[in-house]
Amino acid sequence: MSQPLIKKDDDRDEEAEYSPFTGIEKGAVLQEARVFNDPQLDPRRCSQVITKLLYLINQGETFTKVEATEVFFAVTKLFQSKDTGLRRMVYLMIKELSPSADEVIIVTSSLMKDMNSKSDMYRANAIRVLCRITDGTLLTQIERYLKQAIVDKNPVVASAALVSGVHLLQTNPEIVKRWSNEVQEAVQSRAALLQFHALALLHQIRQNDRLAVSKLVTSLTRGTVRSPLAQCLLIRYTSQVMRESSVNTQMGDRPFYDYLEGCLRHKAEMVIFEAARAITELSGVSSRELTPAITVLQLFLSSSKPVLRFAAVRTLNKVAMTRPLAVTNCNIDMESLMSDQNRSIATLAITTLLKTGNESSVDRLMKQITNFMSDIADEFKIVVVEAIRSLCLKFPLKYRSLMNFLSNILREEGGFEYKKSIVDSIVILIRDIPDAKESGLFHLCEFIEDCEFTYLSTQILHFLGNEGPKTPDPSKYIRYIYNRVILENATVRASAVSTLAKFGALVDSLKPCIFVLLRRCLFDNDDEVRDRATFYLNMIGSNDSVSETDNDVKEFLFGSLDVPLVNLETNLRSYAQEASEEPFNIASVPKEVKSQPLAEKKAPGKKPAGLGAPPSGPTSPVDAYEKMLSSIPEFTSFGKLFKSSAPTELTEAETEYAVNVVKHIYDGHVVFQFNCTNTIPEQLLENVTVFVDASEAEDFSEVASNPLRSLPYDSPGQTFVAFEKPEGVAAAGKFSNMLKFIVKEVDQATGEADEEGVEDEYQLEDVEVVAADYMLKVGVSNFKNAWESMGPDCEKVDEYGLGVRESLTEAVSAVINILGMQPCEGTEVVPSNSRSHTCLLSGLFIGNVKVLVRLSFGIDGPKQVAMKLAVRSEDEAVSDAIHDIVANG
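Everything numeric here is computed off the predicted structure, so don't read it as measured data. (Residues numbered from 1 in each chain as written. Predicted model: local features only at pLDDT ≥ 70, side-chain atom pairs only at ≥ 80, totals over all residues. Heavy atoms only, no water.)

A. Just the overall build of the chain, in detail. Along the chain, the regular secondary structure elements total 36 helices and 16 strands. Here the chain holds 889 residues, and the buried ones make up 48% of them. Within the chain, residue pairs in contact and separated by at least 24 positions form 64% of the contacts whose partners lie at least 6 positions apart. For the chain, the exposed area adds up to about 44900 Å²; of that, 49% sits on carbon and sulfur atoms. (Helix = DSSP H or I, 4+ residues; strand = E, 2+ residues; numbered from the N terminus. Buried < 20%, exposed > 50% of the residue type's maximum accessible area, 1.4 Å probe, protein only. Contact = heavy atoms within 4.5 Å. Areas by Shrake-Rupley, 256 points an atom, 1.4 Å probe, with all protein chains shown as cover.)

B. Quick look at the sheet that holds strand E10 (residues 758-769). Ordered in space as E7-E5-E9-E10, the four strands form an open sheet in which the pairing is antiparallel. Looking along the sheet, the strands with just one partner apiece sit at the ends: strand E7 (708-711) and E10. Averaged over all pairs of adjacent strands, the angle between their axes in this sheet comes to 30 degrees, without regard to strand direction. Note: strand E5 (residues 683-696) against E7, three bridges, orientation antiparallel. Paired with glutamate 686 across the strands is serine 710, a residue of E7. (Pairing = 2+ DSSP bridges. Axes fitted to C-alpha atoms, helices over the stretch in contact; angles between N-to-C directions.)

C. Geometry of unusual backbone geometry. Its identity as a non-glycine residue notwithstanding, asparagine 687 has a phi of 50 degrees, on the positive side. Inspection of the secondary structure puts asparagine 687 in strand E5. Under the relative-accessibility criterion, asparagine 687 is labelled partly exposed at 43%.

D. Broad picture of the environment of isoleucine 460. Tracing the backbone shows isoleucine 460 in helix H26 (residues 454-467). Sequence separation of isoleucine 460 and serine 495 is 35 residues, and the distance between their C-alpha atoms is 9.6 Å. Contacts of isoleucine 460, omitting those with residues within four sequence positions, involve Val423, Leu444, Phe447 and Ile448.

E. The arrangement of empty space enclosed by the protein in detail. Applying the stated criterion across every chain yields a total of one cavity of 30 Å³ or more. Within this model, the largest cavity holds a volume of roughly 40 Å³. Phe273, Arg277, Glu281, Ala311, Arg314, Thr315 and Lys318 are the residues that line the largest cavity. Secondary-structure elements contributing two or more residues to the lining of the largest cavity are helix H15 (269-280) and helix H17 (306-322). The class makeup of the residues in the lining of the largest cavity is two nonpolar, one polar and four charged. (1 Å grid on protein atoms, 1.4 Å probe; cavity = no way out; pocket = protein on both sides within 12 Å on 5 of 7 lines; lining within 4 Å. Points joined across faces, edges and corners; volume = space filled by probe spheres on them. Nonpolar A, V, L, I, M, F, W, Y, C, P; charged D, E, K, R; others polar.)

F. Fine view of the environment of alanine 866. Relative to the assigned elements, alanine 866 resides in strand E16 (residues 864-873). Residue contacts for alanine 866: discarding those within four places in its chain leaves Tyr800, Ser856, Phe857 and Gly858.

G. Broad picture of the packing of helix H22 (residues 378-394) against helix H24 (residues 416-432). Contact pair H22 / H24: the axes reach a minimum separation of 9 Å and the direction vectors enclose 5 degrees. Taken together, H22 and H24 sit at an angle that is classed as roughly parallel. Across the interface between the two elements, Asp378, Lys381, Ile382, Val385, Arg389, Cys392 and Leu393 from H22 touch Glu417, Tyr418, Ser421, Ile422, Ser425, Ile428, Leu429 and Asp432 from H24. A class-by-class count of the residues in the contact of H22 with H24 yields eight nonpolar, two polar and five charged. (Parallel < 35°, antiparallel > 145°, perpendicular 65-115°, else oblique.)

H. Seen up close, the packing of aromatic side chains. One pass over the full model with this rule turns up 18 aromatic pairs. Ring centres of phenylalanine 783 and tryptophan 787 lie 5.8 Å apart, and the angle between their planes is 25 degrees; this geometry places the pair in the stacked category. Here phenylalanine 783 and its partner tryptophan 787 are both found in helix H34 (residues 783-790), four residues apart, which amounts to about one turn of the helix. The exposure class assigned to tryptophan 787 is buried, which follows from its relative accessible area of 7%. Within the aromatic cluster, the residues linked to one another by ring pairs are Phe672, Phe674, Phe700, Phe723 and Phe735. (Phe/Tyr/Trp six-rings, centres within 6.5 Å; stacked < 30°, edge-to-face > 60°.)

I. A look at the side chain of serine 425. Inspection of the secondary structure assignment puts serine 425 in helix H24. Accessibility expressed as a relative area gives 0% for serine 425, which makes it buried.

J. Fine view of the pattern of salt bridges. Taken as a whole and assessed by the stated rule, the structure comprises 32 salt bridges. Here glutamate 528 makes a salt bridge to arginine 532, at a shortest N to O gap of 2.7 Å. With glutamate 528 and arginine 532 both in helix H30 (residues 527-540) and four residues apart, the pair spans about one turn of that helix. Arginine 532 sits in the partly exposed class, given a relative accessible area of 27%. (Salt bridge = Lys/Arg side-chain N within 4 Å of Asp/Glu carboxyl O.)

K. Broad picture of helix H35 (residues 808-819). The terminal C-alpha atoms of H35 lie 17 Å apart, and with twelve residues this matches the ideal 16 Å at 1.5 Å per residue to within 8%. Phi turns positive, to about 70 degrees, at glycine 820, one or two residues after H35. (Expected span 1.5 Å × (residues − 1).)

L. Structural view of the confidence of the model for the chain. Mean pLDDT over the chain: 82, with 89% of residues reaching 70 or higher. When the elements of the chain are averaged for pLDDT, helix H31 (residues 550-558) gives the smallest value, 58, and H15 the largest, 93. Residue range residues 542-548 is modelled with pLDDT below 50. Its contacts to residues more than four positions away, or to other chains, number nine contacts. (pLDDT = per-residue confidence, 0-100.)

In structure tokens form, the structure reads like this:
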């Protein structure tokens, strides 16, 4: 009885069961490959074996040298078959095996014979294989055939030669560049694919010659390109020329714009889209230039083809990041895409609407998005969450509806990254929108009741400990925190204990309650939980007796750590290795974030100049420099060294003399340490000094110098020049430098130098002392607490226009470099779609004055960046000085 037909399951997870290659093994397939040696070849069976071999190779299976050689020689025997299908498989197999130079000779004659065959299929494939496996020597022999193939009347053969030329250009560019005339002739072909390949190769040949590329684009934009594929390629090359053009686009005289606009009316949809995308990506594009492209993309939004809808909405999404008003006319069309079957299209439509919508449309969008979120994957949900966060920061009055939306989706099913993005968004909204603090904290407390992710629970508890005590009614959070002590794993329980202690230390009315709860934690079965409870009980004390004063408790638990953790860890490790009996002194930890090594950047072939290697042990670079400088009598009266810069090269690589400089900053002096290296074996330099001209540094006057008596070959040495400046002032200036010395010839045989020498000099690069040289990068563990503890007494706030900038990232980086301060809490990173950003900086100004800076950036108009600068410090004069630095920078 025949078996009934069983319908295969459409589930993709079941597809592997029906694969014809399931369970094949390399050994068995190599045994099957012996069929290639049969006197009577079976083309179908040979093709099946080659297919299995190609499958194994593409799955990452490796063949030994012996196995690959045996397979290669067996495959070459298949050239005797006249079967067209088998011959194509042979070509593929030879390309994948990539035979060695010795083995290539075996098939070269067969391939060259096929290259001159009457069969176009043989010719095209033989060209591809030969160019893949051949070397430069053989290429010169077949170059004539390849040139003929480029202008062959069969477009398949010509395209094969052109594509091969694209690959060969990477290894044999000189040979391929000789084909320019034939390639240029192929560009005029009527065959669509041939014209595309010819244009691609011709551009690659000329790509290093900007003038030649410009001429190519100019000639082809006059209407000689018919292929839609080639037209798309030409549009990209045209955009590149427009970006590199120095013509003043502000006057409207933008080259080739008319060509791009004309392509918007092309009959091929791919050309229309490529032109529209190119126009939207032009730098400084005006509203008049942008309008035609937006109109075309709007039409694509209602296309019946998913690929066109996706391409259009993705392009509009990018435009909305910088020009949201230009996209508002498309909002109605994009709202219809929110229910698109393609989830990628729907997600892009929603995020674009969130960027272009106004305050009145927020509630309506939230209702539509609520039904949408359950139908998409986590990766798309994260994109939507980030867009909602940006929308809330844009319209802070709408925080209630947006916060409720985030809270609702936080309780739904989802992975770690998705939940983390929601928590991060709520934290940012709490930080930036004061009115949202209480509701946001309450939503986070509700979430940790059922949170399955340990990391998120500990982060929420940590954040709750920082923000909860500052709310009007902090007692309502205690229940949620203590529940974590009872119900969670050890890691979360330990974090909850620390959070309870923070409430007890900062809220006097809660101290007795917290004390009782912490005592219960002493009976926990985890060592970390018990240790933390014991520690905090001793720190906080009972209601009747306090082991430390309240101020000491708060300073210990919540005071900002004024040394970077990485430096503290390094010093603690060194202290542990030394097994010293003296107690660890935190004052010995360097406050600079990145320790500056004393070894300078090495030029190729040179040894480091100056102090050749970092000091051994835990000694910081500043301490090593200070010890060295204090040994020079001229500098002993300068006081304590504040900062030493990284070495700055003053000479080019591979020059006769290698010189770099380190700037040592004191309260009232600046010392230049010039590290010199003589790279000429036949010379000895004596009485080496650097003449420093301070004519462009009016606030500085030279007070001392320390010359270098002798500088033998490849033996680094130092010479110093010291300048006096106004004490405690961030004086700036430029110094020009001239290396002066006496040259003596050295006998290579004896190693002795001549008694007489010749005076000589060598021009060095200029050195600048800037405001950032007077600032130490010192981080704080909690910027908000440090900012509030600093107080507003010495706060100075002002606004500045930074002019036209390519992006907010460029503006943020420029200000950080000017001030030379340490970014805090990762705020130096600007989200890609942000039109506003807040950056937090901390540092130690000369005179050991702590400084905190809050920078608020925003894009106003076409790439016009505005900045609000708020400075708090321990000295009002320093706050004023920071503003002066920014104003003059």
